[in-house]
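Chain and residue survey
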Amino acid sequence: MELNEAIEIVKGQLGKSRFDHTLRVLETARELARRFHAPLEKVELAAVFHDYAKQRPTEDLRREIISSDLPKDLLDYHSELWHGPVGAILAERQYGITDKEILGAIYCHTTGKPHMNKIEMIVYLADYIEPGRDFPGLEEVREAAEGDLLYACWIVSRNTINHLLNKEATIYPDSIHAYNDFTRKMKMEGKFNG
């Protein structure tokens, strides 16, 4: 699928503010793909489609989870998590996107997951650090993203989990598994002690 076609498809599914966010994620993901030598076209398509299902009604997302092969335990967690997995299914079904790296990046851009590939990590990070975002801890992640993709993603994971703990919210298991995986890799690379 051509990038401009994907942009037009997604534009029709999102309000202006969410679409503007998507364009900023696209630009940020492009920068990260160049910096960390990832396949640009795959990163671009995943970034454009990452919030494809974000503004669909919650009940539609719920129905899609129930009727698909998606893990049913998603329904036990906040509906904010649902748009990534549902978006990946819809991108494949409606637009014939079959590349597993692209679909994986759409799927896990909110929660993370263990053993993320470079495309998944870039979209996960780009969604967090795009220039329209502004919240505590963001500058630390942006600085890390200048030179270390793994460390930047580890900080995103840590910050997200801390935020959810502070809100006394449930945490989707993939988020915990992503944090553990990033931490193990950081230790293997000698970036952490212990």
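Residues numbered from 1 in each chain as written. Predicted model: local features only at pLDDT ≥ 70, side-chain atom pairs only at ≥ 80, totals over all residues. Heavy atoms only, no water.

Points about the layout of surface pockets
Operational definition: Residues are called lining when one of their atoms sits within 4 Å of a cavity or pocket point, these points coming from a 1 Å grid over the protein atoms alone, where a cavity is a set in which a 1.4 Å probe fits but cannot get out and a pocket is an open set with protein on both sides within 12 Å along at least five of seven lines. Grid points are joined across faces, edges and corners, and a volume is the space filled by probe spheres set on the points. Only DSSP runs of H or I covering at least 4 residues are called helices, and only runs of E covering at least 2 are called strands; the numbering of each starts at the N terminus. Residues are sorted three ways: Asp, Glu, Lys and Arg are charged, Ala, Val, Leu, Ile, Met, Phe, Trp, Tyr, Cys and Pro are nonpolar, and all the rest, Gly among them, are polar.
Its volume calculated, the largest pocket comes out at about 890 Å³. Considering the residues around the largest pocket, the lining is formed by 28 residues, among which E80, T110, T160, H163 and L164 are closest to the centre. The set of elements that each furnish at least two residues to the lining of the largest pocket consists of helix 2 (16–35), helix 7 (118–129) and helix 9 (149–166). The biggest single contributor to the lining of the largest pocket is helix 9, with 6 residues. Residues that form the lining of the largest pocket fall into these classes: 9 nonpolar, 12 polar and 7 charged.

Observations regarding the side chain of S175
Note the following rule: Burial classes: relative accessible area under 20% of the type maximum marks a residue as buried, over 50% as exposed, and values in between as partly exposed (1.4 Å probe, protein chains only). Pairs of residues are marked as contacts when any of their non-hydrogen atoms sit within 4.5 Å.
For S175, the location among the structural elements is in helix 10 (residues 173–188). Its relative accessible area of 8% is what places S175 among the buried residues. Residues in contact with S175, not counting those within four places in the same chain, are T111, G112, S157 and I161.

Quick look at the nonpolar core
Filter applied, for reference: For this analysis, a nonpolar core means a set of buried residues of the types Ala, Val, Leu, Ile, Met, Phe, Trp, Tyr and Cys, connected via side-chain atoms within 4.5 Å.
By size, the foremost hydrophobic cluster in this structure holds 64 residues, and its most contacted members are L32, F49, I122, L125, I129, V141 and F182. Per-element tally for this core: the top contributor is helix 7, with 9 residues. Contact partners of F182, with chain neighbours within four places excluded, come to M116, M121, Y124, L150, C153, W154 and S157.

Focus: the packing of aromatic side chains
Let me state the cut-off plainly: Only Phe, Tyr and Trp rings take part, Trp by its six-membered ring, and two of them pair if their centres are within 6.5 Å. Stacked means planes under 30 degrees apart, edge-to-face means over 60, and tilted covers everything else.
Applying the stated criterion to the full structure yields 8 aromatic pairs. Summarising the aromatic geometry, the rings of Y124 and F182 are spaced 6.2 Å apart at their centres and angled 40° between planes, so their arrangement reads as tilted. In this pair, Y124 is assigned in helix 7 and F182 in helix 10, connecting sequence segments 58 residues apart. As far as the burial class goes, Y124 and F182 line up, both buried. Every member of this aromatic cluster is reached through a ring pair, and the members are F49, Y52 and Y95.

Here we look at unusual backbone geometry
In the Ramachandran plot, H115 falls in the positive-phi region, its phi being about 60° despite a non-glycine side chain. Within the secondary structure layout, H115 lies in the loop between helix 6 (100–108) and helix 7. When its relative accessible area of 61% is taken as the criterion, H115 is described as exposed. Of note in this structure, E168 is not a glycine but carries a positive phi near 55°. Take E168: it is sitting in the loop between helix 9 and helix 10. A relative accessible area of 74% means that E168 is categorised as exposed.

Here's the deal with the pattern of salt bridges
For clarity, the threshold we go by: The salt bridge criterion pairs a side-chain nitrogen of Lys or Arg with a carboxyl oxygen of Asp or Glu, the two atoms within 4 Å.
This model, assessed by the stated rule, comprises 20 salt bridges. A salt bridge links K42 to D99, with the nearest nitrogen and oxygen atoms 3.0 Å apart. Of this pair, K42 sits in helix 3 (residues 40–49) while D99 sits in the loop between helix 5 (83–95) and helix 6, and the two are 57 residues apart along the sequence. The exposure class of D99 is partly exposed, given its relative accessible area of 24%. In this structure, E92 engages K100 in a salt bridge whose closest nitrogen and oxygen atoms are separated by 4.0 Å. Among the ionic contacts, a cluster of salt bridges with common partners joins E27, R30 and E44.

Looking at empty space enclosed by the protein
Following the criterion strictly, the structure yields 1 cavity of 30 Å³ or more and no others. In this structure, the largest cavity occupies an estimated 30 Å³ of space. Around the largest cavity, the lining residues are L74, L81, P85, Y107, T111, Y172 and D174. Among the residues forming the lining of the largest cavity, the class breakdown is 5 nonpolar, 1 polar and 1 charged.

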